[in-house]
Structure formats: C-alpha cells, structure tokens
Amino acid sequence: MSQPPPNNALSRRKFMAGTVSAAAAAPLLASRAKAETPIGAQPKLRQPVVTSLRINKQAYELSLDTRTSLLDALRDHIGLTGTKKGCDHGQCGACTVLVDGKRVLSCLSFAVMNDGKEVTTIEGLSSPDGKLHPMQQAFIDHDGFQCGYCTPGQIMSAIGCVNEGHAGSEDDIREYMSGNICRCAAYPNIVAAVLQARGETRGA
Amino acid sequence: MRPFVYEQPTAISAAVAIASRFTTHDDQPTRANAQFIAGGTNLADYMKLGVAEPNRLLDLNQLKEQELRQIRVTEDGIRFGALVRMGEAADHREVKQRYPVIADSLRLAASGQIRNMASLAGNVLQRTRCEYFRETSWHCNKRVPGSGCAAMEGFNRQHAVLGASDACIATYHGDFAQALIALDAVIHAEGSRGARKIPFAKLHRQPGDTPHIETDLAADEIITAIEVPAIPWARRSLYLKIRDRESYAFALASAAVALDLEGDSVREARIALGGVATVPWRAKEGEEALRGKRLDEASASAAADAAFAGAEPRRHNAFKIDLGKRTLVRALLETRDMKV
C-alpha cells in the first residue's frame, strides 16, 4: 500500500518553523529520528518524539515516548476516551479506528508510526449539529449492543468494512467483522445494523 | 516494554546501513537490538509481552522504493512488494483469478483490521503463538535458548505433529506461507552482504537443536519482494482452513492445494499443510502419491496417509493427525471439483 504523504496535517518542519517558540523548538528538533540525521545528533533512548496527528479533522502535536500506542495517545494524551482498550493485544477489536480511511487496531500501532496521518475515532463521526452517523443510528435502531464496551470499535470497523466493499451479504459481514468480539453476543443485531447503514455509509 | 529508539529510514540501503551498525552478523533477527517494523501487528504484540526486546525500531514504511508497495503481474508470474498489505493482495483481482490459493490464504487469515496493517513480508515472518513462548515466565528454548520446553509436558493441543524436535514443538501458524511454499515462491532480500534470492522452502528453519534460529535471514537483511512463478494450472487451487471457530482463529489444520489435471488423473499436485507443523510444510510425499493417479477419495486418502506418515503426536494433539488428513482429503476433492 502506498503511504500517502502527510496531507492536511501540518508537517512537523512547518510546525516547528511557524508555531512553536524558538526555545521550545530547539530541543524538539534534536529529537528528529530520520536516517539522514548526522551521527552527532542520533536519537537517544527515552527521548520524546514529536508526532503530528490529525484527529477528527483537528491537528495535534504530541511529544511522546516511542512506546506509546496510538490507542494510549488517543485516550491518555488527548482525552478521546471513546476508543476502548479491551485486550490491548489485537485480539478483540475494541480499539479499532480509521487511519487514512482504513480500519486498524490502535493498540498494535505505535503512535510515532502514524506521524502525519489522518485518524478518525468514534468522536469524529457525528455531524457538528449532533446528528449521528448512519452507522451509529443503525446500531441504536437495531439494538446492536448491550454493555456497549465493544461498540465504538464495532462501529468504526463496520464503516471500514462497508468502505472496503465487504458488506455485500450477511455472510460477508459476519466474516469481515470477525475481528470485533462482542461478549454480550449482540452479533445478529450488529449484522442487521450494518445491513441498514451500508448504503448511506460509503465514503463517510 | 523496553524503551526503544525509533527511526524512519527512507531508502532500503539506509535501513540496511542502520541495521548493520547496530547488529552483528551472528545476531538472530528476532533477538537483535535493532529490528525492522512494517505493520507491527506481530512485533508490537511481542514487545508488549516482553518476548521481543529491540532497543531500536527501524520503520520501513517511509522507504522510497515504490516497488515495495506494488503487485506486478508479468509473464513470469506475480511479484508482491514486501510492504503490500495482506488485505490488498487478498482483494487483488488477478491474484484471485490466477492463484485462488493465495487469495484464500490471506482472506482466511487474521481480521479485516490486521489485514489492513500487516505487510506480506511481515506476515510470512510472524512468530509462533505457542502459549509457552508468549508468556515469559515459562521455559522456552525458542525464547531463551537452552532453558527447556514447557510445552512438551504442558497443554500442547495447539502444537505441531510434523517437523518437531525434542527442543521445540511450537507450530508455525501462518496461512499465506502455505500457499507460497506450495507454489515454489522465491523471496528477494537485501542486506549488508548484498541482494539475494531465497527459495521460500529455505526461508524458515525447523527447530532441531536451535529453535531460536527461526529463519535464514540475517539481522540486517530486509525482504524486498515475494515472487511466485507463473503456473497456469494454479487457477485450480484453494486453501482450506479448519479451526475452533469459523473466523478469526489460527488453523488447527489447513491445506493449500493446487492441481494440474488431465481428465480425472493428476499430472502434478502441490500440497502444503498448516497448523500441524513447526514451519510452512510442503508435503512432497503426498504429491508423489497422487502423480498419475485418478483423483478420488481412495487416492486422496492414500496421499494424506503419506503426507502424515512421519507425524509424531504429543499428549493433547494426536487429533491433529486425523484432522489434518481429513482436511487434506477434502481440500484435494474440492480442488478437483473447481470450475476453472
């Protein structure tokens, strides 16, 4: 897959030049971790790395420990706690978000690897006037949850599933949504919700 | 998790140069201080568990060489760039037409999210899911050489019946690799000692006395492409995967099959087995048993018996021998009946 170049997000370089005060920028620039960095300026262990993310159409600049997962960056650093931590090992799907439009597991992605990317979380789905995304509305209409813990991940995954073209039949939906576990077993209602919303979801 | 320095090399040569600066030629790639990352679905998980402990990660996603991201179909076959994601290859029209066994193996692996993240090269290098390997408080010869193997006397229902040794019975859990070994794929790699091609069958190493040596790769070597030769009759091929639940689970037994038929009889058969062996497993004995034969239930069963002749069960995994044979028989008959 070709990785699109950073688009809407400010590039780190532009951001450094334009936004951060000189005193703050100097140490941050030294933390740049590119291969062309001269030997004298090699990145060091535990040195925070500045990461630009565009989340729900808003730009963020974070100074992160390299070990921070995208999930923890969203929840703990930005305060977007709609994305849930279930297993934290890529087995449950609760942490699903869209990165550059594709559904991924934010628990298995280091935040620094998402520099310059566009992230959509459950908080970014509804319209500014509060109108729910068709997939959110469909989950309510079909009672697609009980406890609700897996629901943000289910909804993000359902949108990805539709946009990938894999919601053609109930069997397809079951197969291509299998990475999202629901311990309340709301599966039949989830399938019904995806069927309802698939026509209105494409490209959303 | 151990702290690590994060770097984003922008050329293969730069990535190799950094890796060779921070590793030695004797380092195993999975145990080296500097390690490559692409999708991260396997490595990030094992870093969280303390199984993998690199202190430097080289992110390959910014490499400028565009062929790393391309699937190219030519007269000679198909060439997958190493950074192509599993989902892209699974949905590729010509992959589905020309090599159904490849598309099946990818579609039936992992989940939609993981297939969007995981690169093809990373997928073939995924490490075992052996519970005693994953949990660092157990003895494991693969994780800590010479420490012993807790799986031998432990709960070994998931473990291998083919290719095991007294040191290790951990299963290779990948699916795509079974399709690749069946089709005689070739790996292209680049390292500080130059570029080379590795027959896919030589990429993974059986555990023997050194289960910590998992592949033939050096620590500073990067897989750049996976090439599958043109095999016109591979249109008659499929991957059958049997598991505890219908989707998003590793195989208990699987079979990759491709058949060159002349009427009812077999000119050539390709068979690889998953979920039952320590490495991607080509079953040449099974292939030979079918050559020139009419393919029916009896000859398919004879081939399955031949494929599992060397199987060695442990306490909890003996069922895999029968299940593996039945899986192969069904895969052979379904492949025979494909409309191509």
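The shown structure was predicted, so the numbers you read here are calculated from the model rather than taken from an experiment.

Student: What should I look at first to understand the overall build of chain B in this one?
Tutor: The helix and strand inventory of chain B stands at 13 helices and 12 strands. Here the C-alpha atoms of chain B give a radius of gyration of 20 Å, agreeing with the 20 Å that 2.2 N^0.38 yields for 340 residues. Taken over the C-alpha atoms alone, chain B extends approximately 60 × 50 × 35 Å along its principal axes. Looking at the 340 residues of chain B, the share that counts as buried comes to 57%. By sequence separation, contacts in chain B at least 24 residues apart represent 66% of the contacts at least 6 residues apart.

Student: Help me out: how do you make sense of the overall build of chain A in this one?
Tutor: Per the secondary structure count, chain A includes seven helices and five strands. Listed N to C, the secondary structure of chain A is α-α-β-β-α-β-β-β-α-α-α-α in terms of helices and strands. Residues counted as buried form 41% of the 204 residues belonging to chain A. Sequence-distant contacts in chain A: of pairs separated by 6 or more residues, those separated by 24 or more amount to 59%.

Student: Would you take a moment to explain the nonpolar core for this structure?
Tutor: A general tendency of soluble globular proteins is for nonpolar side chains to be buried together. Residues Val194 of chain A together with Val101, Leu120, Leu180, Leu183, Val257 and Leu273 of chain B are the most contacted members of the largest nonpolar core, which totals 166 residues. Excluding anything up to four places from it in sequence, Leu183 of chain B contacts Tyr99, Val228, Ile231, Ala234, Ala258 and Arg270 of chain B.

Student: Would you take a moment to explain the UniProt feature "domain: FAD-binding PCMH-type" (unreviewed entry) in chain B for this structure?
Tutor: Feature annotation in UniProt places "domain: FAD-binding PCMH-type" (unreviewed entry) on residues 1-233 of chain B, given in this structure's numbering. Helix and strand shares over residues 1-233 of chain B are 27% and 17% respectively, and the end C-alpha atoms of the span are 48 Å apart.

Student: When you look at the interface of chain B and chain A in this model, what are you seeing that I'm missing?
Tutor: Many analyses report the size of an interface as the accessible area lost when the parts associate. Listed per partner, the contact involves 31 residues of chain B and 35 residues of chain A. Counting residues per element, the ones that place at least two in the side of chain B that touches chain A are β1 (5-7), α1 (12-22), α2 (43-48) and α6 (112-117) of chain B. Among the elements that make up the side of chain B that touches chain A, the one with the highest residue count is α6 of chain B (five residues). Looking at side-chain class alone, the side of chain B that touches chain A contains 13 nonpolar, 11 polar and seven charged residues.

Student: How should the environment of Thr327 of chain B be read in this particular structure?
Tutor: All names here are of chain B. Within the element layout of this structure, Thr327 appears in helix α13 (residues 319-336). The class of Thr327 is buried, set by 24 C-beta atoms lying within 10 Å. Sequence separation between Thr327 and Leu240 is 87 residues, and the spatial gap between their C-alpha atoms is 7.2 Å. Apart from the residues lying within four places of it in its own chain, the contact partners of Thr327 are Leu240, Ile242, Ala253, Ser254 and Ala255.

Student: How do you make sense of the sheet that holds strand β4 (residues 102-105) of chain A when you look at a structure like this?
Tutor: Two strands in a sheet stick together by hydrogen bonds in their backbones, pointing the same way (parallel) or opposite ways (antiparallel). Residue and element names in this part refer to chain A. With mixed pairing, the five strands of this open sheet are ordered in space as β2-β1-β5-β3-β4. A strand with exactly one partner marks an edge of an open sheet, and here the two such strands are β2 (58-64) and β4. Pairwise comparison of adjacent strand axes, ignoring direction, gives a mean angle of 40° for this sheet. In this fold helix α5 (residues 151-163) packs onto β3 (96-99) and β4, with an angle of close to 40° to the strand it touches most, β3.

Student: Help me understand helix α12 (residues 297-307) of chain B in this model?
Tutor: Listing the buried residues of α12 of chain B in full gives Ala300, Ala303, Ala304 and Ala307 of chain B. End-on view of α12 of chain B: buried residues confined to an arc of 100°, all on one side of the axis.

Student: What am I meant to see in the sheet that holds strand β8 (residues 222-229) of chain B here?
Tutor: All names here are of chain B. Ordered by their spatial adjacency, five strands build an open sheet running β4-β5-β8-β6-β7, and the pairing between neighbours is antiparallel. Strands at the two margins of the open sheet, each flanked by one partner only, are β4 (71-74) and β7 (194-199). Pairwise comparison of adjacent strand axes, ignoring direction, gives a mean angle of 20° for this sheet. Relative to β7, strand β6 (residues 186-191) is paired through six bridges, and the arrangement is antiparallel. Among the inter-strand pairings, Val186 is bridged to a residue of β7, identified as Pro199. Of the strands in this sheet, β6 and β8 touch α1, which is tilted by about 125° from β8.

Student: What is the right way to read the confidence of the model for chain A from this model?
Tutor: For residues with low pLDDT, the predicted coordinates do not support detailed interpretation. Confidence in the prediction of chain A, expressed as mean pLDDT, is 85, and 78% of residues score 70 or more. A low-confidence stretch, residues 1-37 of chain A (pLDDT under 50), is modelled with 51 contacts involving residues beyond four sequence positions or located in other chains.

Student: Looking at this structure, I do not really get the environment of Arg98 of chain B. What am I missing?
Tutor: Residues and elements named next belong to chain B. With respect to the helices and strands, the residue Arg98 is situated in helix α4 (residues 93-98). With 12 residues separating them along the chain, Arg98 and Ala110 place their C-alpha atoms 22 Å apart. Not counting chain neighbours up to four residues away, the residues in contact with Arg98 comprise Ile78, Ala234 and Arg235.

Student: Which parts of the structure should I look at to understand the pairing of strand β5 (residues 117-120) of chain A?
Tutor: Successive residues of a regular strand alternate their side chains across the two faces of the sheet. Residue and element names in this part refer to chain A. Burial of the side chains of β5 extends over both faces: Lys117 and Val119 are buried on one face and Glu118 and Thr120 on the other. As paired strands, strand β1 (residues 49-55) and β5 are joined by three bridges and run parallel to one another. Bridged to Leu53 within β5 is Lys117.

What counts and what doesn't
- Residues numbered from 1 in each chain as written.
- Chains lettered and ligands numbered in written order.
- Predicted model: local features only at pLDDT ≥ 70, side-chain atom pairs only at ≥ 80, totals over all residues.
- Helix = DSSP H or I, 4+ residues; strand = E, 2+ residues; numbered from the N terminus.
- Rg over C-alpha atoms; globule rule 2.2 N^0.38 Å.
- Buried ≥ 20, exposed ≤ 12 C-beta atoms within 10 Å, placed from the backbone.
- Contact = placed C-beta atoms within 7 Å.
- Core = buried A, V, L, I, M, F, W, Y, C linked by C-beta atoms within 7 Å.
- UniProt positions renumbered as here; feature names shortened; annotations may be inferred.
- Nonpolar A, V, L, I, M, F, W, Y, C, P; charged D, E, K, R; others polar.
- Pairing = 2+ DSSP bridges.
- Axes fitted to C-alpha atoms, helices over the stretch in contact; angles between N-to-C directions.
- Arc of directions from axis to C-beta.
- pLDDT = per-residue confidence, 0-100.

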